[in-house]
Amino acid sequence: MKQIGESDHPKIHGAMGFPGSTPGTIEVFLLNMEEATHVLVFDSSEERWRANESFDNTDMDHQEMIDHATEIANDWFAESLADRIATAEDADSGP
């Protein structure tokens, strides 16, 4: 099994998960490709990953790309906090 960040694909430069609000979970995933970086988020209500935002990284160095992706991830964490808490509470109450 591949570890996060490993890839044999020549256009994938790396990947990184961002810890989520639930301990031990990854809710945001950064996929850094040759010309674009994609910030993927886990939609807990749908239980699936989706692309939140992508951006051109051709004029960025590595740290600029990480900083920009982290800003996007933090914005998503802030905007989705109430929904993620509600989904977690629904799961805890169970049937």
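Everything that follows concerns the structure shown earlier in this document.
Reading the values: the criteria
Residues numbered from 1 in each chain as written. Predicted model: local features only at pLDDT ≥ 70, side-chain atom pairs only at ≥ 80, totals over all residues. Heavy atoms only, no water. Phe/Tyr/Trp six-rings, centres within 6.5 Å; stacked < 30°, edge-to-face > 60°. Helix = DSSP H or I, 4+ residues; strand = E, 2+ residues; numbered from the N terminus. Buried < 20%, exposed > 50% of the residue type's maximum accessible area, 1.4 Å probe, protein only. Pairing = 2+ DSSP bridges. Axes fitted to C-alpha atoms, helices over the stretch in contact; angles between N-to-C directions.

Draft legend 1. How the structure looks around the packing of aromatic side chains. Overall, the coordinates contain 3 aromatic pairs when judged by the stated rule. Aromatic side chains F29 and W49 sit 6.3 Å apart centroid to centroid with 70 degrees between the ring planes, which places their arrangement in the edge-to-face category. Taken together, the positions of F29 in strand β2 (residues 26–33) and W49 in strand β4 (residues 48–56) put the pair 20 residues apart, joining distant regions of the chain. Look at W49 and you get partly exposed, because its relative accessible area is 39%. Between F42 and W49, the ring centres sit 5.5 Å apart and the planes meet at 65 degrees, which makes this aromatic pair edge-to-face.

Draft legend 2. Layout of the sheet that holds β2. One open sheet accounts for 4 strands, arranged β1-β2-β3-β4; its pairing is antiparallel. The open sheet has two free edges, formed respectively by β1 (12–19) and β4, since each of these has just one partner strand. The sheet shows a mean angle of 20 degrees between the axes of neighbouring strands, taken without regard to direction. Note that β2 and strand β3 (residues 36–43) share 5 bridges and pair antiparallel. The residue bridging F29 from the neighbouring strand is L40, located in β3.

Function cannot be inferred from these measures alone, as they are strictly geometric.
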